[in-house]
Amino acid sequence: MKSKFLALLGSAVLSAGVAQAGGFQANLQGQKQIGMGHAGTGLALDQSSIFFNPGALAHLRQNGIQLGVSALNAKIAYREPSPGFSESTTDNPISTPFQVYASFGKEESPLRFGIGVYTPFGSSVNWGNQWQGRYGLNELTLKTIFIQPTISYRISEKLGVGAGFVYSTGSVNLQRSIPLTDASYNEAGVELDGSASGFGFNLGVFFQPTEKLSLGLTYRSKVEMEVKDGDVTFMLPTSPLVAGQFQATQFDASLPMPANITLGIGFKPTEALTFAVDVQRVEWSAYKSLRFDYNAGVRGETFSESPRNYEDVFIYRVGAQYKVSDIFTVRAGAYYDNSPVQEGYLTPETPDSDSRGVSGGLTLALSDKVDLDASFLYINKKERTDDASKSGGVAGTFKSVAYIPGVGINYKF
Amino acid sequence: MKNIFYRLGAAALLSTAFLFSGCEPEFEEDITLSKGPLDFSKYVSVGNSLTAGYQDNGLYLEGQVFSYPNILANQFSFVGGGQFVQPLFTQAQANGSGYLRLGGFSSTGAPILAPVTTNLAVRTDVAPLPGGRRLTKFTGAIQNWGVPGISVLASAVPQYGGVNPYFERLLSDAEVGQVSYVQKVVATQPTFFSLWLGNNDVLGYATAGGVVDPANPFGGITPTATFNAIYSQLAAGLSRNKAAKGIVATIPDVRSVPFFTTVGPTFKAGLPAAVPAVVALTKSAANRTVIAKNDIRVGSTGSALFTLTSTAYLGLLGQPTGRYWRDQAKAKYPSDAAAMDQELKRLLQNYQLDTTKMFGLSAENPLPSALVLDAEEQAEIQAATTEYNNIIKNVAAANDLAVFDAFTFFNSIQTPYSMNGVTYSPAFITGNLFSLDGVHPTPRGYAIIANEMIKAINAKYGSSVPTIDVTQFRAVLIP
């Protein structure tokens, strides 16, 4: 008994990871752009324009296919409010946001068709079932895959427009502990698991007034991810009286993937050097609350709702690429991302704060047809202390960092 | 193409090299812990059942391990605290005095409490003491001197070791009945101490529903002057003219615990419309008092409180029954039928009862005083509690001691509140704070108390003793 007590007192080793951008957005949609602080809305770099700016796709000289993947390696540390000093930190299973883009169209035609499959939102947070905030969250896995058929039209050498339809599919899995301990000292818990889907669109305009200057403006709509008849599984003490309190077996939920408006500028002072600046507005205010509707009562309620009240934010991105030789290009960039999470609303799902990202990248042209991209992004979120009084979250101080290497391959035809 | 995949593989391998480099998120500020001017090398805890870790109507190993002094000692260990020896029961006798566990729920949702009677530390080789059966001894240089049942009054009485089995177990045979509790604890000469005593100077009277057993010299309310004299002497003895620092705790309002607040509201709601009032005995004599339905306390309205132990009898309301009195007589003489009969007759005569009349409704068969704490009894308890708490605060000031104001704290938790996603309230079983006896905290409750004490110590002495993660401690175990 004594040893058990002492074991409990040791700081728990916990596991956590976090989506790399504000909220649960994962801005990792093209290896070249990641190398430049994820800027590139005002450029026609490659097939990833399907995501970054459908209006620029028709300005690409060649058709091609691009595959890329990132290894998102993130960690969060938590420290309880003073004078407490329990901390939790550790590794997290690496998540792998990916992107696939392909474009088709006759060489001389102003019309291009494209399809993109990418993962713009997601989160993988695993705090384990021992930490102090476990009644808020043990583990959350949110996955989305956006599939976007796209059409792009080159109105002139200077102007292009494009539009894509987005079908989104995904899943959500949330586990948390319930503060009920059975006679064998097992703590109760609940798991919500469901698949989700939604629709949206992606519009873009690309304008290249001179050889040296190009502009892009895109609007990616909100996608409401709806979960229908997801599974609710309770792990409870066996007493029927307790089971009677937790009768739900299915849940519905809806989670907004917010709209983005991005203005990008590209500037090419020389043939080899390119600068890119993006200003991205993310309409996070769509995320008002996290609500689960149950098919039967949970402690007498048929739903649970906790406020989020995210606010709209701006992300500022700058990047540059330099073509060292015909086969070798290098990139660097940075961004600053404001947190959509207001004071008092911090939660263990997304213990978010203003974040700074720096990145680098390179491209190796292996042949006329094949390019290899590599990128590396380091994200450092500001340490943030919050009482979580408004979100029903976990009070304390959070700090997150992420290391995200990525590789991509382009095949042009 | 083969060449491409080779290079791709090499690039991927290169990328993963980053993954293994150190990338720990780090906080800007290091944690600063400090003992301030305090010396925790020898911490001694002085007090009653709360200090012993008593819960679920018993003292057993788990409760001892999760006692607030043990939690405090653990936290002190981060700022130079020394060893802390508790008089723990052995694993083989882990269930100590025996206790109550939650066996299940009745069809109406009422909790079914079952006694734990195995692996006890109860001694059968010796005669029981007036305060109950004796327990396996633990003598030696202990630091947790929590003795369930002890009051300030009893702490000064040398004979008390021959009365209370929890005190007797901590004494050598030669000391039993010869050495007072005050003498024992003052002799430990701590460098830091906690002192939480005085609850039983009113609580015994309260939990007995205002009844004083004439055979128990410690069953009443201790006179204020006596309390002041003993408490001052005890604190001064521990402090040794401020050589030792420490923390004292005030006495909670007994009306804030589920033992008194759980039954009344349900009882009131279940009273038929035709019953406007019940009648009960008051205090220790044969006087009756009428309790109107609206006098039953619900939340902060009304006054009369019904004890948790009254549930067994309130269902008999209106029936011609003398079951309570038979149970009392039987408890006193479990194996002597003649003596039991005699005792029952004495009780009926003493309280002028006619058990053929309607229980609780007829003045001839009133509710027993021990099941009800009426307004008059509460007024006495209130007055004493306030006076004791003033004494405790004055003594703390005189000896430069920190104060944990348990009175204020226990009143503050009357309003349910949430911490780390857990709701806490004084509700029985579901409130997470109180154990199955409705008076003593759960391990979680004790951890919360330990944290409050640490905050009071830090505030008083400018130390930085860390608090503990209370979610690692259990509340009531649910079958």
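Rules of the game
- Residues numbered from 1 in each chain as written.
- Chains lettered and ligands numbered in written order.
- Predicted model: local features only at pLDDT ≥ 70, side-chain atom pairs only at ≥ 80, totals over all residues.
- Domains from an automatic or database assignment.
- Contact = placed C-beta atoms within 7 Å.
- Helix = DSSP H or I, 4+ residues; strand = E, 2+ residues; numbered from the N terminus.
- Axes fitted to C-alpha atoms, helices over the stretch in contact; angles between N-to-C directions.
- Parallel < 35°, antiparallel > 145°, perpendicular 65-115°, else oblique.
- Left-handed = near helix turned anticlockwise from the far one by under 90°.
- Buried ≥ 20, exposed ≤ 12 C-beta atoms within 10 Å, placed from the backbone.
- Pairing = 2+ DSSP bridges.
- pLDDT = per-residue confidence, 0-100.
- Core = buried A, V, L, I, M, F, W, Y, C linked by C-beta atoms within 7 Å.
- Arc of directions from axis to C-beta.

Asker: Would you explain the domain arrangement of chain B in this entry?
Answerer: How big an interface is tends to be stated in terms of the accessible area lost upon association of its parts. All names here are of chain B. What the domain assignment reports for chain B is domain 1 (43-256 + 376-472) and domain 2 (259-375). With 18 residues of domain 1 at the interface, the matching set in domain 2 holds 18 residues. Listing elements by their share of the side of domain 1 that touches domain 2, those giving two or more residues are α8 (200-207) and α15 (375-398). With 4 residues, α15 is the largest single contributor of residues to the side of domain 1 that touches domain 2.

Asker: What should I look at first to understand the packing of helix α4 (residues 68-76) of chain B against helix α17 (residues 443-461) of chain B in this one?
Answerer: Relative orientation and spacing of two packed helices are given, respectively, by the angle between their axes and the distance between those axes. All names here are of chain B. Following both chains from N to C, one finds α4 and α17 inclined at 50°, their axes separated by 9 Å at the closest point. On the basis of the axis angle, α4 is oblique to α17. In this structure, the crossing between α4 and α17 has a hand that is right-handed. Only Y446, A447, I449, A450, M453 and I454 of α17 make contact with α4, whose side of the interface consists of Y68, I71, L72 and Q75.

Asker: Please clarify how the environment of I468(B) should be interpreted in this entry.
Answerer: Residues and elements named next belong to chain B. Along the chain, I468 falls in the loop between α17 and β14 (477-478). Considering only alpha carbons, one finds I468 and A447, 21 residues apart in sequence, at a separation of 7.3 Å. Among residues more than four places away in sequence, those in contact with I468 are I71, Q75, A447, A450 and N451.

Asker: What exactly am I supposed to notice about unusual backbone geometry here?
Answerer: Most peptide bonds adopt trans geometry, and most residues besides glycine take a negative phi value. Residue and element names in this part refer to chain A. Put simply, S82 and P83 share a cis peptide bond, and its omega is 5°. By secondary structure assignment, the location of P83 is in the loop between β2 (73-79) and β3 (87-89). With a phi angle near 60°, H38 is a residue other than glycine that sits in the positive phi range. Assessed through the 30 C-beta atoms surrounding it within 10 Å, H38 is described here as buried. Here A388, not a glycine, exhibits a phi torsion of approximately 50°, which is positive. Relative to the helices and strands, A388 is located in the loop between β21 (384-386) and β22 (396-412).

Asker: Would you explain the sheet that holds strand β11 (residues 402-404) of chain B in this entry?
Answerer: Backbone-to-backbone hydrogen bonds pair the strands of a sheet. The strands run either parallel or antiparallel. Residues and elements named next belong to chain B. Spatially, β4-β1-β5-β6-β11 is the arrangement adopted by the 5 strands of the open sheet, whose pairing is parallel. Strands with a single pairing partner mark the edges of an open sheet, and in this sheet they are β4 (144-146) and β11. Adjacent strand axes in the sheet meet at a mean angle of 15°, parallel and antiparallel pairs treated alike. Its contacts with the sheet place α17 against β5 (192-196), β6 (245-249) and β11, and it is angled at close to 155° to β11.

Asker: I keep staring at the confidence of the model for chain A and nothing clicks. Help me out?
Answerer: Low-pLDDT stretches of the model should not have their predicted coordinates read in fine detail. Per-residue confidence for chain A averages 89 on the pLDDT scale, and 94% of its residues sit at or above 70. Below pLDDT 50 for its whole length, residues 1-21 of chain A participates in 63 contacts with residues either more than four positions away or in separate chains.

Asker: It is not clear to me how the confidence of the model for chain B should be interpreted in this structure. Could you clarify?
Answerer: All names here are of chain B. For chain B, the mean per-residue pLDDT works out to 90, and 95% of the residues sit at or above 70. Across residues 1-5, confidence stays below pLDDT 50; counting only partners more than four residues off in sequence or on other chains, it has 2 contacts. Of the regions scoring below 50 in pLDDT, residues 10-22 engages in 15 contacts with residues more than four places distant in sequence or in other chains. Scored by ipTM, the complex comes to 0.84, with pTM at 0.88.

Asker: What is the right way to look at the nonpolar core in this model?
Answerer: Most often, soluble globular proteins have nonpolar side chains that are buried together. Counting residues in each nonpolar core, the largest one holds 119 residues, and the members touching the most others are V202(B), Y231(B), L238(B), V248(B), A450(B) and M453(B). Considering each element in turn, this core owes the most residues, 9 residues, to α17(B). Both domain 1 (43-256 + 376-472) and domain 2 (259-375) of chain B contribute no fewer than three residues apiece to this core. Not counting chain neighbours up to four residues away, the residues in contact with A450(B) comprise Y68(B), I71(B), L72(B) and I468(B). In terms of nonpolar packing, the next biggest core, distinct from the first, is built from 53 residues, F24(A), L45(A), L60(A) and A74(A) among them.

Asker: What is the right way to look at helix α11 (residues 263-270) of chain B in this model?
Answerer: Within an α-helix, residues lying three or four positions from one another point in the same direction, as the helix has 3.6 residues per turn. Residues and elements named next belong to chain B. Within α11, burial applies to V263, G264 and F267. Around the axis of α11, the buried residues are gathered within 90° of arc, so they sit on the same side. Contact partners of the buried residues in α11: α10 (258-261), β9 (305-306) and α12 (311-314).

Asker: Would you explain α8(B) in this entry?
Answerer: Residue and element names in this part refer to chain B. Within α8, 8 of the 8 residues are buried, leaving the element largely enclosed by the surrounding structure. For α8, the complete set of buried residues consists of N200, D201, V202, L203, G204, Y205, A206 and T207. Buried residues along α8 sit in contact with α5 (152-155), α9 (224-239), α10, β10 (372-373) and α15.

Asker: What exactly am I supposed to notice about the pairing of strand β20 (residues 370-381) of chain A here?
Answerer: For a regular strand, side-chain orientation follows a simple rule: the groups alternate between the two sheet faces. Residues and elements named next belong to chain A. Of the strand pairs in this sheet, strand β19 (residues 355-365) and β20 are connected by 11 bridges, and their pairing is antiparallel. Across the sheet, the residue bridging to R356 is N380, located in β20. As consecutive antiparallel partners, β19 and β20 are separated by 4 residues. Sheet topology note: the β20/β22 ladder contains 11 bridges and is antiparallel. In the sheet register, S375 faces β22, and the bridge partner there is G406.

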